[in-house]
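# Examining the three-dimensional arrangement
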Amino acid sequence: MSFTIAVNPTIVKPYRFHRANNPVVTQEVELPDGIHYSITGHEDRIGIATKTQLELFSDCGFTRDRFMMQLHTLASVESAHLVLELSIAHIFDSPPAGSQMPSKSVYGSVIAWAERYAVVPWFCGDRKMAEKTTYSILDRWYRDHVLGEHGQSLYRNARRQAK
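Quick look at the structure, then. Note that the structure is a prediction, hence the values are computed from the model and not measured. (Residues numbered from 1 in each chain as written. Predicted model: local features only at pLDDT ≥ 70, side-chain atom pairs only at ≥ 80, totals over all residues. Heavy atoms only, no water.)

What follows is about the packing of aromatic side chains. Scanning the entire structure with this criterion turns up nine aromatic pairs. A centroid spacing of 5.8 Å and a plane angle of 20° characterise the contact between Phe3 and Tyr135, whose relative ring orientation is stacked. With Phe3 in the segment before β1 (4–7) and Tyr135 in helix α5 (residues 127–145), the pair connects residues that are 132 residues apart, well separated along the chain. Of the two residues, Phe3 and Tyr135, neither departs from the other in class, the shared state being buried. Plain terms: the ring middles of Phe17 and Tyr135 are 6.5 Å apart, the flat faces sit at 50° to each other, and that makes the pair tilted. Of this pair, Phe17 sits in the loop between β1 and β2 (25–28) while Tyr135 sits in helix α5, and the two are 118 residues apart along the sequence. Tyr135 matches Phe17 in its accessibility class, with the two residues each being buried. (Phe/Tyr/Trp six-rings, centres within 6.5 Å; stacked < 30°, edge-to-face > 60°. Helix = DSSP H or I, 4+ residues; strand = E, 2+ residues; numbered from the N terminus. Buried < 20%, exposed > 50% of the residue type's maximum accessible area, 1.4 Å probe, protein only.)

Here it is in structure tokens:
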């Protein structure tokens with residue numbers, strides 16, 4: 001079983017996806033603005049955006065309008081995920097230096113995006129865990145939707161019925 005991870009070439013520092021027992025193939029692919037990772041051949045079905053703590057706080061403030069357009073794009077795929085390189089505690093206990101955004105507003109925004117755009121937020125604690133989570137999401141999606149390891153996906157059926 002293998003798939004190729006589509007990586008948006010606009011990412012300044014993309015994940016490397018080092019896996020000792022299972023080499024990972026990546027390919028730079030022109031993905032829509034706001035989608036950082038996907039699976040080649042399935043770019044319209046799964047999308048992942050990743051954010052550092054600084055990016056998240058900025059996207060809730062100064063760059064909010066741009067990020068809202070990116071969220072609309074991300075939400076257009078069947079399976080949309082927002083992988084965050086921080087924990088919930090980081091939002092409240094150690095906001096970026098100089099940030100004027102209230103932590104409560106940042107956290108509330110993440111909750112609102114999940115509800116309004118059906119984008120699943122993943123609080124990963126740090127970059128290393130965010131990379132592992134990104135791979136795991138893509139791997140699970142590939143197994144369920146391409147290989148059909150678990151039959152029909154409940155999520156996919158629910159999304160189809162909602163349309």
